[in-house]
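Chain residues, written in single-letter form:
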Amino acid sequence: QLHVVESGGGLVQPGGSLRLSCTSSQFTLDYYVIGWFRQAPGKEREGISCFSVSSGSTNYADSVKGRFTVSRDSAKNTVYLQMNSLKPEDTAVYYCAAGSPPAWGRQCRYTSQEYSYWGQGTQVTVSS
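**Describing the sheet that holds strand 1 (residues 5-7)**
Reasoning step 1: Here we have four strands laid out as an open sheet, ordered 1-3-8-7, and antiparallel in their pairing. Each end of this open sheet is capped by a strand with a single partner; those strands are strand 1 and strand 7 (68-73). Strand-to-strand, the axes of this sheet are offset by a mean angle of 20 degrees, without reference to chain direction.

What follows is the structure in structure tokens.
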């Protein structure tokens, strides 16, 4: 049983945009740290972002900083990953994950060990 579900992947041209969504029917995402990860073919899983309402923290990996933005709609229990200026190197399966949030004022981390609940993944392909 999946605790979180991500969606919104697809095929886009370089420079294009996609918005991924992460939702859960099992728990309220505002109570967890939400991490975004990706895994490209032949490469290890890469953490790209984290977001925690309770700690008030957002963090981005250098590879996506300035291009990707995390936001949330608490009423919809949804966290979004807006991906702009997409590059072929962004091609990967993208995962949403949830874990115990850090304390208030502490920065969230986007390492896999921080997260217990994982979505099924959604494919993002950036190609001309």
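Text resumes after the structure shown.
**Here we look at the pairing of strand 4 (residues 33-39)**
Reasoning step 1: Burial runs high along strand 4: six of the seven residues are buried.
Reasoning step 2: As judged from the six bridges shared by strand 4 and strand 5 (residues 46-52), these two strands associate in the antiparallel manner. The residue bridging Phe37 from the neighbouring strand is Gly47, located in strand 5.
Reasoning step 3: Between strand 4 and strand 5, which pair antiparallel in sequence order, lie six residues; one of them, Gly42, sits at a positive phi of approximately 75 degrees.
Reasoning step 4: Pairing analysis gives seven bridges linking strand 4 to strand 9 (residues 92-99), with the strands arranged antiparallel. Paired with Phe37 across the strands is Tyr95, a residue of strand 9.

**A look at the nonpolar core**
Reasoning step 1: Formed by 26 residues in total, the largest nonpolar core has its most connected members in Trp36, Leu81, Met83 and Tyr94.
Reasoning step 2: Residue assignment for this core shows that the elements contributing at least two residues are strand 3 (18-23), strand 4, strand 5, strand 7, strand 8 (78-83), strand 9 and strand 11 (122-126).
Reasoning step 3: Looking at this core, the element that brings in the most residues is strand 9, giving four residues.
Reasoning step 4: Contacts of Met83, omitting those with residues within four sequence positions, involve Gly16, Ser17, Leu18, Leu20, Arg67, Phe68, Tyr94 and Val124.

**Remarks on the side chain of Asn77**
Reasoning step 1: As for its placement among the helices and strands, Asn77 is situated in the loop between strand 7 and strand 8.
Reasoning step 2: A polar side-chain atom of Asn77 sits 3.1 Å from the main-chain carbonyl oxygen of Phe27.
Reasoning step 3: Those residues in contact with Asn77 that sit more than four places away from it in its chain are Cys22, Thr23, Ser24, Phe27, Thr28 and Leu29.

Each value, and the rule that gives it
Residues numbered from 1 in each chain as written. Predicted model: local features only at pLDDT ≥ 70, side-chain atom pairs only at ≥ 80, totals over all residues. Heavy atoms only, no water. Pairing = 2+ DSSP bridges. Helix = DSSP H or I, 4+ residues; strand = E, 2+ residues; numbered from the N terminus. Axes fitted to C-alpha atoms, helices over the stretch in contact; angles between N-to-C directions. Buried < 20%, exposed > 50% of the residue type's maximum accessible area, 1.4 Å probe, protein only. Core = buried A, V, L, I, M, F, W, Y, C linked by side-chain atoms within 4.5 Å. Contact = heavy atoms within 4.5 Å. Polar contact = N/O pair within 3.5 Å; in protein donor to acceptor, adjacent residues only side chain to side chain.

Everything listed is a geometric property; what it means functionally is a separate question.
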